[in-house]
Amino acid sequence: MVPLLLVLLLALILFGAGFALKALWWIAVIVLVVWLLGFVVRAEGSGGRRGRWYRW
């Protein structure tokens, strides 16, 4: 009975980790798209120079 419970626990942990990693991949893709859009949609800075859209 104990080995069966250990296998089920391992399956639940791996399923949870797989779901979390998939969610993190989607978040990383969204952040990358926003970051790349920042280079395209930049505001004009002082003196006609294109500035950065973020502060850091």
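These numbers were taken from a predicted model, which means no experiment stands behind them.

Hey, could you go over the overall build of the protein for me, with residue numbers and the actual values?
Within the protein, the secondary structure is distributed over one helix and zero strands. Every one of the 56 residues in the protein was classed for burial, and the buried ones make up 4%. A total of about 5500 Å² of accessible surface is found on the protein, and carbon and sulfur atoms cover 79% of it.

I'd like to hear about a nonpolar patch on the surface, residue by residue, with values.
Judged by side-chain polarity, Trp-26, Val-29, Leu-32, Val-33, Trp-35, Leu-36, Leu-37, Phe-39, Val-40 and Val-41 come together as a nonpolar surface patch covering roughly 1000 Å² of accessible area. Within the secondary structure, Val-41 sits in the segment after helix H1 (2-40).

Definitions and limits used
Residues numbered from 1 in each chain as written. Predicted model: local features only at pLDDT ≥ 70, side-chain atom pairs only at ≥ 80, totals over all residues. Heavy atoms only, no water. Helix = DSSP H or I, 4+ residues; strand = E, 2+ residues; numbered from the N terminus. Buried < 20%, exposed > 50% of the residue type's maximum accessible area, 1.4 Å probe, protein only. Areas by Shrake-Rupley, 256 points an atom, 1.4 Å probe, with all protein chains shown as cover. Patch = residues over 30% accessible without salt bridge, like charges linked within 9 Å, V, L, I, M, F, W, Y side chains within 5 Å. Salt bridge = Lys/Arg side-chain N within 4 Å of Asp/Glu carboxyl O.

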